[in-house]
Amino acid sequence: MSQAATEPGASGPTHAPMGGATALSIGGADLLRFATAGSVDDGKSTLIGRLLYDSKAIFEDQLAAVEATSASRGDEYTNLALLTDGLRAEREQGITIDVAYRYFATPRRKFIIADTPGHIQYTRNMVTGASTANLALILVDARKGLVEQSRRHAFLCSLLRVPHMVLCINKMDLVDWSEEVYEEIHQEFTAFATKLDIPDLTVIPVSALHGDNVVSRSEHMPWYDGPSLLHHLENVHTASDRNLVDVRFPVQHVIRPQQSRGLDYRGYAGQVSSGVLKPGDEVMVLPSGFTTRIAGIDHNGHEVDEAYPPMSVSVRLADELDVSRGDMICRPHNQPHVTQDVEAMICWMDEQRPLYPRAKYTVKHTTRTVRAMVKGLQYRLDVNTLHRDEDAARLELNEIGRVTLRTTQPLLCDEYRRNRTTGGFILIDEATNRTVAAGIILS
Amino acid sequence: MSSTADYRVSHLDALEAESVFVFREVAAEFERPCLLFSGGKDSIVMLHLAAKAFAPGPIPFPVMHVDTGHNFDEVLDYRDRCVAELSLQLIVASVQEAIDRGLVVEPPTGMRNPIQTPVLLDAVEKHRFDSLFGGARRDEEKARAKERVFSFRDEFGQWDPKNQRPELWSLYNSRVHPGESIRVFPLSNWTELDIWHYIAQESVGLPSIYFAHEREVVERDTMLYAVNDLLPARPGEQPFVEKVRYRTVGDATCTAAVRSDADTIDQVIAEVAATRITERGATRGDDKVSEAAMEDRKKEGYF
């Protein structure tokens, strides 16, 4: 395809000149997705409001609308939660129902916040927000210390393998900026965290209301020598979170132009889940097991020397094989499991019907969709105490449990702890088409 | 193996990869997708991404313009040029024609945005589309901040914000019953500034009204509206010539211009980066009706 055809309007009515390096510099920054959880009481909205306001991501007309609404409701202060609580029902009830996505950028990074409600009845929203997060931000009130909710959030983030966690001990101004209080909560949380799988934990004492340690370092806590929250968010090292070892390329779509344009092209389109692919590499296509070589890799219509996560590319193979959506390209000596029996933790997300053993669902895993039966429910996990209830007969909304699935076709999967893309799946109810569960593959 | 630093991805590249994934997912899982194309900058970027997703093949779905009949000439010219360059199939769902055949009634205000929705839904039904790409972004508006990338619509095209499907990882649920559909928003995670940076990075051409030019305008409700046959000056309003540009492009009767000297992408980026007013707040008369105006319109089937 010609340049003019791949770039609509490149020769269009206005061909504006390219921008200079200064104004464009933000285009080269990387992306950090982080999830926050909590309720209004712990100061989460104030903290997010401050991050957004100080990075100029809140606009005057938004602030004016929030101020007007706050005033008409008789709030004593401008309620920044109104910025994120976008639905009428949320504003009327003063609660956050759903995940809200907020965006802000600094010259170093662009941030996507998945802001989720903290109460136990919104566990599924937290799981949703955490599924794509690089970092989880957990807030505790310095006066109260760890509460049930903080432990649950930490557990869910570790279950979803969010690679970085920040514990913000908020309202330090209300405990006289006490190092002892900070140390006590820090140690209690660290002790709890050792039971979980949290690769990277940072603890920051803040006062969201006064801005201490949010954007700049606090003068009130000279005993704290760590970074401010924003400094940490800007600098936390995420490049090595990606799995660049195991080549996993789920085939999403076959690009095979049918038109008589003189093109003889067959490319396997998809997004690299993990590993690095290069032309000339010997690869295996699953589930068939045939091996071939990569003839070329196209990225947006141009040939490239390599492909790595999260690039969306099109892979050409040296031999004509039968490859279709749902297949996976990997390396012959590093393959995912090919299995019809899956052990998984699932979070039940449907309010209409609980999960019962022997029920059948549709599984969507990578680009592959198969049917599955729940062969057994091993236990239900109490997300507050981590107690396992092995007598549980079903999973209700927001409950988490361990199940065994038997699928009609093999899944090409890895343990979730090794690969978040090839280790996660959703269950779809075949009658209602609703997404009823999130699953994490254990083996 | 090389160090991980070699495999850095800029945030624009990450957003692009995510959008391309979404386009391909829809092409693979739906039978009759369609892309809503207005000639505005977001739909232009959407089309640019769709072309990349299927290169070197053609874009495997038609585009549809819901045409209120209140257009900027520059934008219509641009639309037709794009369609020709990319050999697209263009469907025009005409609001004027729907008024003529009695499907909708012209509102007394003359603002045709509210009656776009039945025209859109009528065209979706006629062409039996099961998925529609829209260029909406979550940073635009607070109801949109809550919407899924794959947004389920019932057989009346309605959005139910309290009953949305959970969306995890990049596993999008595309299952619908006949008559139901999915609105797909590939630009969900882009901001206005991202769009402009991307337009600069990719040298995407735009209709000229996005750049500063002189235009005869009137000031109405603190906003600047172009004066023309569709939107004459009201009694007591004094038209004047001002250097302006458009931040958004919608129905010409309810889209306002902003004062600007920015006539290059670079200058537009500098202006967008410094602005303290959202683009819809600065330019859309239709969003000022109530705090939940967008949520209400979306529930009725608006994009």
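First, a word on what this report is: a plain description of the structure on this page. (Residues numbered from 1 in each chain as written. Chains lettered and ligands numbered in written order. Predicted model: local features only at pLDDT ≥ 70, side-chain atom pairs only at ≥ 80, totals over all residues. Heavy atoms only, no water.)

**Some details on the overall build of chain A**
So, step 1. Scanning chain A for helices and strands turns up ten helices and 21 strands.
So, step 2. Per-residue burial for chain A yields a buried fraction of 61% across its 443 residues.
So, step 3. With an accessible surface of roughly 17,900 Å², chain A has 47% of that area assigned to carbon and sulfur atoms. (Helix = DSSP H or I, 4+ residues; strand = E, 2+ residues; numbered from the N terminus. Buried < 20%, exposed > 50% of the residue type's maximum accessible area, 1.4 Å probe, protein only. Areas by Shrake-Rupley, 256 points an atom, 1.4 Å probe, with all protein chains shown as cover.)

**What to know about unusual backbone geometry**
Residue and element names in this part refer to chain A.
So, step 1. The omega angle of the peptide bond from P309 to P310 is 0°, so this bond is cis rather than trans.
So, step 2. Inspection of the secondary structure puts P310 in the loop between strand 12 (302–304) and strand 13 (312–317).
So, step 3. Look at W177: it is not a glycine, yet its phi comes out positive at around 55°.
So, step 4. The residue W177 is located in the loop between strand 5 (164–170) and helix 9 (179–193) in this model.
So, step 5. With a phi angle near 65°, N433 is a residue other than glycine that sits in the positive phi range.
So, step 6. The residue N433 is located in the loop between strand 20 (424–428) and strand 21 (435–441) in this model.
So, step 7. Using a relative accessible area of 5% as the deciding quantity, one classes N433 as buried.

**Re the environment of L397(A)**
Residues and elements named next belong to chain A.
So, step 1. In this fold, L397 is placed in the loop between strand 18 (388–389) and strand 19 (400–413).
So, step 2. Assessed through its relative accessible area of 29%, L397 is described here as partly exposed.
So, step 3. Separated by 43 residues in sequence, L397 and P354 have C-alpha atoms that sit 6.7 Å apart.
So, step 4. Ignoring any residue separated from it by four or fewer positions in sequence, one finds L397 in contact with R124, W348, M349, D350 and E351. (Contact = heavy atoms within 4.5 Å.)

**Considering the pattern of salt bridges**
So, step 1. The final tally for this structure, using the stated rule, is 48 salt bridges over all chains.
So, step 2. Its salt-bridge partner being E303(A), residue R316(A) comes within 3.3 Å of it at the nearest N-O pair. A residue pair is termed long-range when its members are at least 10 positions apart, and R316(A) in strand 13 and E303(A) in strand 12 qualify at 13 residues.
So, step 3. Linking K52(B) and E16(B) is a salt bridge whose minimum nitrogen-to-oxygen distance equals 2.8 Å. Note that K52(B) is positioned in helix 2 (residues 41–54) and E16(B) in helix 1 (residues 11–29), a separation of 36 residues in sequence.
So, step 4. Given a relative accessible area of 9%, K52(B) falls into the buried group. (Salt bridge = Lys/Arg side-chain N within 4 Å of Asp/Glu carboxyl O.)

As far as function goes, none of this settles anything; it's purely spatial.
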